Amino acid sequence: MNVLKKFEEGNVKFIRPFFVDILGRMLDFTAPISEFEQMVRDGKGFDGSSVEGFARTEESDLKFIPDTDTLTILPWEYKGIERSWKEAVIFGRIIDSNGKEYEGDTRNLLKNIIEKYEDIGTLKCGAEIEFFIFDNEKSPVHTDGGGYFRSGLYGEVRKEAQLALSEMGIKTEFDHHEVAQSQHEIDLTYSDALKMADRIILTKYVVKKIAKRYGIYASFMPKPIAGINGNGMHVHLSLWKDGKNLFFDKEKQGLSDIARSYIAGLIKYGKEIQAALNQWVNSYKRLYPGYEAPTYLVWGTRNRSAYIRVPEYQKGKESATRIEIRNLDPACNPYLAISLIHAAGIQGIKEELEPPKPVEVDVFHLSESERKELGIEELSPSLEKALEFFEKSELVKKTLPEHVYQKFIENKKIECNNFNRAVTDYEIKNYFSVL
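The rules behind these values
Residue positions are counted from 1 within each chain, in the order its sequence is given. With pLDDT at 70 or above as the cut-off, local features in this predicted model cover only qualifying residues; side-chain atom pairs require 80 or more to be listed or tallied, and sums for whole chains, interfaces and linings still use all residues. Derived side-chain values reflect all non-hydrogen atoms in the structure, with water molecules and hydrogen atoms excluded from consideration. Numbering of helices and strands runs from the N terminus, with a helix taken as a DSSP run of H or I at least four residues long and a strand as a DSSP run of E at least two residues long. Within these notes, the globule rule equals 2.2 Å times the number of residues to the 0.38 power, and the radius of gyration is based on C-alpha atoms. Classification of residues uses two cut-offs on accessible area relative to the type maximum, computed with a 1.4 Å probe and protein chains only: under 20% is buried, over 50% is exposed, and between them is partly exposed. Only heavy atoms enter the contact rule, under which two residues are in contact if any of them lie within 4.5 Å. What sets the accessible areas is the Shrake-Rupley method with a 1.4 Å probe; for residues, cover comes only from the shown protein chains. Positive charges are assigned to Lys and Arg, negative charges to Asp and Glu, while His and the chain termini are left out of the count. For this purpose, a charge sits on NZ of Lys, CZ of Arg, CG of Asp or CD of Glu. The angle between two axes is taken between their N-to-C directions and runs from 0 to 180 degrees, where each axis is a line fitted to C-alpha atoms and a helix contributes only its stretch in contact. Put simply, angles under 35 degrees are roughly parallel, angles over 145 are roughly antiparallel, angles from 65 to 115 are roughly perpendicular, and the rest are oblique. In a left-handed crossing the near helix is turned counterclockwise from the far helix by less than a right angle, and in a right-handed crossing that turn is clockwise. Strand pairing requires that DSSP identify at least two bridges connecting the strands. Aromatic rings from Phe, Tyr and Trp, taking only the six-membered ring of Trp, are treated as a pair when their centres fall within 6.5 Å; an angle between ring planes under 30 degrees marks them as stacked, one over 60 as edge-to-face, and anything in between as tilted. Charge-over-ring contacts are defined here by two conditions on Lys NZ or Arg CZ: a distance within 6 Å of the ring centre and an angle within 35 degrees of the ring normal. Here the nonpolar core consists of buried residues drawn from Ala, Val, Leu, Ile, Met, Phe, Trp, Tyr and Cys, with membership extended through side-chain atoms lying within 4.5 Å. A pocket, in this scheme, is an open set of points on a 1 Å grid over the protein atoms alone with protein on both sides within 12 Å along at least 5 of 7 lines, while a cavity is a set where a 1.4 Å probe fits but cannot get out; residues line either one if an atom lies within 4 Å of a point. Grid points are joined across faces, edges and corners, and a volume is the space filled by probe spheres set on the points. Polar here means any residue other than Ala, Val, Leu, Ile, Met, Phe, Trp, Tyr, Cys and Pro, which are nonpolar, and Asp, Glu, Lys and Arg, which are charged; Gly is therefore polar. Salt bridge, as used here, is a side-chain nitrogen of Lys or Arg placed within 4 Å of a carboxyl oxygen of Asp or Glu.

### Considerations on the overall build of the chain
- Per the secondary structure count, the chain includes 14 helices and 20 strands.
- Computed over C-alpha atoms, the radius of gyration of the chain comes to 22 Å, within 12% of the 22 Å expected from 2.2 N^0.38 for 435 residues, which places it in the range of a compact globule.
- Here the chain holds 435 residues, and the buried ones make up 55% of them.
- Restricting to contacts in the chain with at least 6 residues of sequence separation, those with at least 24 account for 70%.
- Carbon and sulfur atoms make up 49% of the accessible area of the chain, which totals about 20,900 Å².
- Of the side chains in the chain, 60 bear a positive and 68 a negative charge, and the two mean positions are spaced by 2 Å.

### Focus: the packing of helix H3 (residues 106-116) against helix H5 (residues 193-213)
- As a packed pair, H3 and H5 sit with axes 9 Å apart at the nearest point and diverge in direction by 155°. Here H3 lies roughly antiparallel to H5, going by the angle between them. Judged by the twist between their axes, the crossing of H3 over H5 is right-handed. Residues Arg-107, Leu-110, Lys-111 and Ile-114 of H3 pack against Ala-193, Leu-194, Ala-197 and Asp-198 of H5.

### Let's talk about the environment of Asp-42
- Along the chain, Asp-42 turns up in helix H2 (residues 36-42).
- Taking the C-alpha atoms as reference points, Asp-42 and Lys-63, separated by 21 residues in sequence, lie 8.9 Å from one another.
- When near neighbours in sequence (up to four residues on either side) are disregarded, Asp-42 contacts Lys-63 and Ile-65.

### Comments concerning the sheet that holds strand S4 (residues 44-47)
- Read from one edge to the other, the open sheet built from 3 strands follows the order S4-S5-S9, with strand pairing classed as antiparallel. A strand with exactly one partner marks an edge of an open sheet, and here the two such strands are S4 and strand S9 (92-95). Adjacent strand axes in the sheet meet at a mean angle of 30°, parallel and antiparallel pairs treated alike.
- Bridge count for S4 against strand S5 (residues 61-66) is 4 bridges, and the pairing is antiparallel. Within S5, the residue paired with Phe-46 across the bridge is Leu-62.

### Some words on the packing of aromatic side chains
- In this structure the tally under the stated criterion is 17 aromatic pairs.
- An angle of 5° between the planes, with centres 5.2 Å apart, marks the rings of Phe-132 and Phe-134 as stacked.
- Take Phe-132: its relative accessible area is 0%, and that puts it in the buried class.
- The interplanar angle of 15° and the centroid separation of 6.3 Å between the aromatic rings of Tyr-190 and Trp-240 together place this pair among those described as stacked. Of this pair, Tyr-190 sits in strand S12 (residues 183-192) while Trp-240 is found in strand S14 (residues 233-241), placing the two residues 50 residues apart along the sequence.
- Residue classification places Tyr-190 among the partly exposed positions, given a relative accessible area of 39%.
- The exposure class assigned to Trp-240 is buried, which follows from its relative accessible area of 13%.
- These aromatic residues form a ring-pair network of at least three members: Phe-18, Trp-76, Phe-91 and Tyr-205.
- Looking at Lys-204, its charged tip hangs above the ring of Phe-220, at a distance of 5.8 Å from the centre.

### Remarks on the nonpolar core
- Core analysis: the biggest nonpolar cluster contains 99 residues, and Leu-237, Tyr-262, Leu-266, Ile-323, Ile-325 and Phe-390 have the highest contact counts within it.
- A per-element tally of this core places H5 first, with 12 residues.
- Residues in contact with Phe-390, not counting those within four places in the same chain, are Glu-272, Ala-275, Ala-276, Leu-340, Val-396, Leu-400, Tyr-405, Phe-408 and Ile-409.
- Residues Phe-36, Val-51, Ile-90 and Ile-94 belong to the second largest nonpolar core, which totals 17 residues.

### Section: empty space enclosed by the protein
- On inspection of all chains with the given rule, the structure shows 1 cavity of 30 Å³ or more.
- When its volume is computed, the largest cavity comes out at roughly 70 Å³.
- Surrounding the largest cavity, Phe-18, Phe-19, Val-20, Phe-91, Gly-92, Ile-94, Asp-105, Thr-106, Arg-107 and Tyr-335 form its lining.
- Among the elements of the structure, strand S1 (12-20), S9 and H3 are those that each provide at least two residues to the lining of the largest cavity.
- Looking at the lining of the largest cavity element by element, the count peaks at 3 residues for S1.
- Considering only residue class, the lining of the largest cavity consists of 6 nonpolar, 2 polar and 2 charged.

### Considering the pattern of salt bridges
- Counting across every chain of the model gives 21 salt bridges.
- The salt bridge involving Arg-41 is made with Asp-42; its shortest N-O contact spans 3.7 Å.
- Arg-41 gets classed as exposed once you look at its relative accessible area, which sits at 58%.

### Some points on the layout of surface pockets
- Empty space within the largest pocket amounts to approximately 1,200 Å³.
- Of all the secondary structure elements, the ones that give two or more residues to the lining of the largest pocket are H5, strand S13 (217-219), helix H13 (402-421) and helix H14 (425-431).
- No other element matches the 6 residues that H5 contributes to the lining of the largest pocket.
- When the residues that make up the lining of the largest pocket are grouped by side-chain class, the tally is 21 nonpolar, 6 polar and 11 charged.

Okay, structure coming up:
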């Protein structure tokens, strides 16, 4: 293997396989580089019963099969007392003890969804990933005073992260300080959807690693502090076939009918897929009017409070024509979220849906009767409500393997029940001394 020579020259001593649990939380283990060839050939077994949402104890034997196309060397050295070394990371798929695709593997789910609809078009994605840089990991203590495009403290974390990602073959196109105090953003250049989901996982890993080296903490929690903006993850979408952007209409110099139907599908099925895009109780604290997060199922071009936005600043350029879905947060499982987004958009194309008229005003300032007249629906205000739509959705049931569908719902219902039983600081502050 030529790659083994590359490892030797680069002082790479360990291989670190990456995968996620059903909630999208990154898991990894390491093996000495001498095991790499055998791992590629035979896979590496592990106990699936200890992974959230994976196998029951009696079905626990699972195996990680590396995808060698995803192999990349981490750009920093680990330093021990006596020596230093580098590590390589790799994504892959999970199989069961019978050698079959494991139903709980959401990365493989996305791969299958993409392949299923390739006859219509190949999905490409870009991502704007927001995060906070706090003083420590115990409590959200600010590190700067905030301000959109203000340099703030720790802008070098963004720069160092981009340099590291570039060395790993991940292209970035933008970074800046966001509106809220201590809030930052890094934008990833668009690529095939599966690669983008991998890159979202890697970006979060790299940012956290670099922040830790500075003695600070990077948080992708949707809403760690009340009263200021939360963390979103806007995802840019376009469909391609035979080198052409299917979302671009050359004659109209704008959106094609396919793009409009894709938008319509996302709006029609938006409430049904929302639990996977905003999967935590805390996600719904971010989706509140006044904090630049969408709460209504509308689309527009200039409306930055819209659920779907069509960027105008590169209008008429085929390569840049895309739509932007804005309700996701960076704490979601990107494989699961993008799978359901694509399924909803494709269903819109299959049904030849026509989207409602674009809305270019802040819907929050419309009266209830005005919203009703325009046929505007709201996103769910809580995880419990979103789960009701998710559980009843035929689209969701048709898209997800039974195991993922059941385990996700089961896990999220436990989260809701635990939260409802917890006594919060709000209750102590407002009720304890008066009741």
